[in-house]
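Survey of secondary and tertiary structure
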Amino acid sequence: MFARSHDWTLLDLRRSLTCIMGAVAQEAGSAVLLVMGTRWTCPGPSLLVLLCYGQLLPWLRTAGQPSLDAFYNETQAKMFLQFYEQPARIVFNEFMEATWNYVTNITKRNRRNMFQKEVERSQFMLYFGSRARLFKTDHFQNPDVKRMLSKLQNIDKSALPTEDLREYNRLLTYMETTYSTAEVCLDEGPCLPLEPDLEEIMATSRDEKELLWAWQRWRDAVGRQIRPVFEHYVQLSNKAAQYNGYKDMGALWRAKYESNTLEEDLKRLFDELQPLYLNLHAYVRRSLFRYYGPEVIDLRGPIPAHLLGNMWAQSWDNILDIALPYPKKPPEDVTKIMKNQHWKPEKMFQEANIFITSLGLLPAPSEFWVKSMLEKPSDGREVECHASAWNFYKGNDVRIKKCTEVTIEDLLSIFHQMGHIQYYLQFQNLSVIYQEGASPAFEEAVGSVITLSASSHKHLLSRGLLSQQHQDSEEEVNFLLGIALEKIAFIPFSYLVDVFRWKVFDGTITKSVYNQEWWNLRLKYQGLCPPVTRSEEDFDPGAKFHIPASVPYVRYFLSLVLQFQFHEALCRAAGHAGPLHRCDIYNSKVAGKMLGDVLKLGSSRPWQEVLKEMTGQSNISSKSFLSYFKPLLHWLVNENVKQGDILGWPDYSCSFEEKSTDKVSFLGMVLEPEQARLGQWVLLSMSLAMLLLILGLGCRLRYLEKQSLDKDTMILSTLPYTYFLGIAMEPRKAARKQWILLGLCFILTLCFIGLLIRMLTQHRRKPPWMRAESQS
């Protein structure tokens, strides 16, 4: 595989290196370079990258020749990494541009272009990833070289064979597009998208029937469409993981955390935080009981999942009005204040930028304001509204995609996304290999830690979004409960999403019980049940964006804990004294420098080292989280004891339709698939026999009729009456009706055969994502 195709000379080596370096300076057109006294023309960037492959690969394809083993030493590894750098930036930038064009304007043309750029990126990663494995790093002295080669070797789905990769990309695009473009239609009226319409209903409606309608119809519109293809996605995901040397995709995802004890650590953190959640669950259940009554809420059972103010019941802050501990002291409506002050989406982003620059960190560059999608386009384009931050691997080109609404929730979401943008700006001078967070959880935690200060009473007051100068003890409990309904309520959901997928990937959860096991986990960890009976025709996990988009989720659980650990360290650096929930690091250059120093490292060092440098601890700890909510936990425990509420949901299960998906219906009978298939073949054979019989009878009738006419044309006129279906009539009329009956039998037989053939070939039809591709 790696045999040399021709001799590699020093001139070739220098030419390729010079060509790659010229790509950066000459990003358009061509560059005429002087190589060892010889004029040589480099093509434009895309062709240049491919040409550099061609020139570089003969040098790389030298493994297996003993005389060249020394060529794969540490010095050559450094040169190899230099070769990788600039082409990688070009290839990644082109892929990000194509993907951005698609998600901000969902068209078939943009989808085709995105597919093409994904194939190019994957081929690039496959080339360099496989060659990175040729270096034996055991005796390398430079830890940086070893780390970069190690990270380069993991090429994820790019390891798939070309056809599998194309299928995988089509499948992922189908699932994500299905989610992004789904709508729920009213019986009489418009169709409603998830953002903002259905989310608005879930957040503000207090009509149990309306909430049920939105909850169920969204899952019908999305989950049921994704279910038929999800198993194939799982198979291809595992295939990609195995090409990368992992047992399944869950193992590959976990490997990104560089920890042999990740699953044990996750369980430990969940167990430490569970008392907080159980007390919040019991209190909220009692509040919902008061509002909806015993017909809807059981004080000893799980909570129906549609009543918690969120489509996925992952955060409950939208029902603060129902659960408010001290209703006579309601918090000010920040959303209303923002609208009264005529806030616009751009002002919300400017506000987050002001906060970040107050810390001495980098402002959002001019390109950001020009190229980002800060609100939903009004020109009729189909777009993906799920908020996300983007790094384009090209200078200061960073962007955010968000369909912004003027609400306090969206303002804090913007602070979070701008935290991602700051990460990208800080590590942009590192190698492209290191341009990611120290771990997936770090990137999320950096965005969230900023929101902890931005949502504090002190900060909102200083920015003119609150008018009340001080909080008394009751108002403070109200404030903390509002934060808890977002943060504490999220603990089990952020944990179980990937527990579910890891079990799907390793085969513990099979296709026949996808939905049942999803709700078993939601009952076990969240204490929630579906509001209506579910079955295996449903696929409720698919109604959450990260499932069809194949985005790992445990990062959110870890970042939930990390953000409070970061917050405590930054507050300490800012000189804050007092309860942690009152801290605001706004304007603290010391805290900003501490944060910036961490962001500049990207993923160049293991996250444990980075965490220790910032917090003094090398492990993720729940102590800061528990410290933040300590006053609220004390209040919740006392309130639950006073009401006599039990913690948890003992001996309860969710209503689930038992359905054996291994059996099929055939002529009103439930049979094994093979039995049903055999029955179909028997019916088809009988239909063919009937067709042949009818054709034979028709030929016989035609022959006899012609023979009679040839012998004597007057015979028919002298024959007595004959009978057809019990009716006496002339022989000529009887013959005509026989032909009509024969024709009807022939047509019915053909219809029957066609129906059977369709039934037999149903399982061989192209999947929906393939049909969508063929239409383009």
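Residues numbered from 1 in each chain as written. Predicted model: local features only at pLDDT ≥ 70, side-chain atom pairs only at ≥ 80, totals over all residues. Heavy atoms only, no water.

1. So, the overall build of the protein chain
Counting secondary structure elements, the protein chain contains 30 helices and 12 strands. Here the protein chain holds 776 residues, and 53% of them are scored as buried. Surface accessibility of the protein chain: about 35,900 Å² in total, with carbon and sulfur atoms responsible for 54%. (Helix = DSSP H or I, 4+ residues; strand = E, 2+ residues; numbered from the N terminus. Buried < 20%, exposed > 50% of the residue type's maximum accessible area, 1.4 Å probe, protein only. Areas by Shrake-Rupley, 256 points an atom, 1.4 Å probe, with all protein chains shown as cover.)

2. Some words on the side chain of Glu475
Mapped onto the secondary structure, Glu475 falls in helix H19 (residues 473–487). The buried charged residue Glu475 lacks any salt bridge partner; its closest oppositely charged side chain belongs to Lys329, at an N-O distance of 5.4 Å. Within the local environment of Glu475, its side chain forms a polar contact with the side chain of Gln468, the two groups lying 2.6 Å apart. When near neighbours in sequence (up to four residues on either side) are disregarded, Glu475 contacts Lys329, Gln468 and His470. (Lys, Arg positive; Asp, Glu negative; His and termini not counted. Salt bridge = Lys/Arg side-chain N within 4 Å of Asp/Glu carboxyl O. Polar contact = N/O pair within 3.5 Å; in protein donor to acceptor, adjacent residues only side chain to side chain. Contact = heavy atoms within 4.5 Å.)

3. Remarks on the nonpolar core
Counting 168 residues, the largest nonpolar core has Trp218, Tyr233, Trp316, Phe442 and Phe629 as its most contacted members. In terms of residues, this core owes the most to one element, helix H11 (residues 262–292), which gives 13 residues. In contact with Phe442, other than residues within four places in its own chain, are Tyr423, Leu562, Phe566, Val598, Trp607, Val610 and Leu611. (Core = buried A, V, L, I, M, F, W, Y, C linked by side-chain atoms within 4.5 Å.)

4. Considerations on the pairing of strand S7 (residues 398–401)
Burial along S7 is two-sided: Val398 and Ile400 facing one way and Arg399 and Lys401 facing the other are all buried. In the sheet, strand S6 (residues 388–391) pairs with S7 via four bridges, with the strands oriented antiparallel. Within S7, the residue paired with Trp390 across the bridge is Arg399. Where S6 folds back on S7, the antiparallel hairpin that results is connected by six residues, among which Tyr393 adopts a positive phi of roughly 55°. (Pairing = 2+ DSSP bridges.)

5. Describing a nonpolar patch on the surface
Together, Leu678, Val682 and Met686 give the surface a local cluster of nonpolar side chains, amounting to about 300 Å² of exposed area. Inspection of the secondary structure assignment puts Leu678 in helix H27 (residues 673–711). With a relative accessible area of 57%, Leu678 lands in the exposed category. (Patch = residues over 30% accessible without salt bridge, like charges linked within 9 Å, V, L, I, M, F, W, Y side chains within 5 Å.)

6. Re the packing of aromatic side chains
The tally for this structure, following the rule as stated, stands at 47 aromatic pairs. Between Tyr283 and Trp635, the ring centres sit 5.3 Å apart and the planes meet at 75°, which makes this aromatic pair edge-to-face. Here Tyr283, found in helix H11, pairs with Trp635, found in helix H26 (residues 630–643); they are 352 residues apart in sequence, far enough to count as distant. For the pair formed by Tyr283 and Trp635, the shared burial category is buried. In textbook terms, an aromatic cluster arises when at least three aromatic residues are bridged by ring pairs, as seen for Phe80, Tyr84, Phe92, Phe124, Phe128, Phe135 and Tyr393. Directly above the ring of Phe95 sits Arg121, whose terminal nitrogen or CZ lies 4.9 Å from the centroid. (Phe/Tyr/Trp six-rings, centres within 6.5 Å; stacked < 30°, edge-to-face > 60°. Lys NZ or Arg CZ within 6 Å of the ring centre and 35° of its normal.)

7. Here's the deal with the environment of Pro365
Mapped onto the elements, Pro365 comes out in the loop between helix H14 (345–358) and helix H15 (366–371). Measuring from C-alpha to C-alpha, the distance between Pro365 and Asp397 comes to 7.9 Å, with 32 residues separating the pair along the chain. If sequence neighbours within four positions are ignored, Pro365 has contacts with Asn396, Val398 and Leu425.

8. A look at the state of the cysteines
The final tally for this structure, using the stated rule, is three disulfides. Cys185 shares a disulfide with Cys191; S-S distance 1.9 Å. The disulfide joining Cys185 to Cys191 has a torsion of about 95° about its S-S bond and is therefore right-handed. One disulfide bridge connects Cys385 with Cys403, the sulfur atoms lying 2.0 Å from each other. The sign of the -80° torsion about the S-S bond sets the Cys385-Cys403 disulfide as left-handed. (Disulfide = S-S within 2.5 Å.)

9. Considerations on unusual backbone geometry
Residue Pro196 is bonded to the preceding Glu195 through a cis peptide linkage, with omega at 0°. Here Pro196 shows up in helix H7 (residues 194–204). A positive phi angle, near 55°, is found at Ala313, a position not held by glycine. If you trace the backbone, Ala313 turns up in the loop between strand S5 (303–304) and helix H12 (320–323). Overall, Ala313 belongs to the buried group, its relative accessible area being 0%.

10. Thoughts on helix H16 (residues 408–426)
In a regular helix each residue adds 1.5 Å, so 19 residues correspond to 27 Å; H16 covers 27 Å between its end C-alpha atoms and thus fits that length. With 17 of 19 residues buried, H16 lies mostly within the body of the structure. (Expected span 1.5 Å × (residues − 1).)

11. Looking at the packing of helix H20 (residues 490–505) against helix H21 (residues 514–526)
For any two helices packed against each other, the geometry is given by the interaxial angle and the distance between the axes. Interaxial distance between H20 and H21 falls to 10 Å at its minimum, and their mutual angle equals 145°. Considering the relative orientation of H20 and H21, their crossing is right-handed. Every residue of H21 that contacts H20 at Pro492, Phe493, Tyr495, Leu496, Val497, Val499, Phe500 and Val504 is listed here: Tyr514, Trp518, Leu521, Arg522, Tyr525 and Gln526. In terms of residue class, the contact of H20 with H21 is made up of 12 nonpolar, one polar and one charged. (Axes fitted to C-alpha atoms, helices over the stretch in contact; angles between N-to-C directions. Left-handed = near helix turned anticlockwise from the far one by under 90°. Nonpolar A, V, L, I, M, F, W, Y, C, P; charged D, E, K, R; others polar.)

12. A closer look at the confidence of the model for the protein chain
Looking at the protein chain, pLDDT values average 84 and 82% of them are 70 or higher. Per-residue pLDDT stays below 50 along residues 1–67; that stretch engages in 114 contacts with residues further than four places along the chain or on separate chains. The low-confidence segment residues 763–776 (pLDDT under 50) makes 20 contacts with residues lying over four places distant or belonging to another chain. (pLDDT = per-residue confidence, 0-100.)

13. Here we look at the pattern of salt bridges
Counted according to the given criterion, the structure contains 37 salt bridges. Across the pair Glu97 and Arg399 runs a salt bridge whose closest N-O atoms are separated by 2.8 Å. Placement of the pair is Glu97 in helix H3 (residues 74–103) and Arg399 in strand S7, with a sequence separation of 302 residues. A salt bridge links Glu486 to Lys487; the nearest nitrogen and oxygen atoms lie 3.8 Å apart. When salt bridges with common partners are traced through the structure, they connect Asp220, Arg224, Arg534, Glu537, Asp538 and Asp540 into a single cluster.

14. Considering a positive patch on the surface
Taken together, the side chains of Arg732, Lys733, Arg736 and Lys737 define a basic patch exposed on the protein surface. The residue Lys737 is located in helix H29 (residues 731–761) in this model. (Charge placed at Lys NZ, Arg CZ, Asp CG, Glu CD.)

15. Quick look at the environment of Phe124
Residue position: Phe124 is located in helix H4 (residues 108–132). Overall, the relative accessible area of 0% leaves Phe124 in the buried class. In this structure the C-alpha to C-alpha distance between Phe124 and Ile155, which are 31 residues apart in sequence, comes to 9.8 Å.

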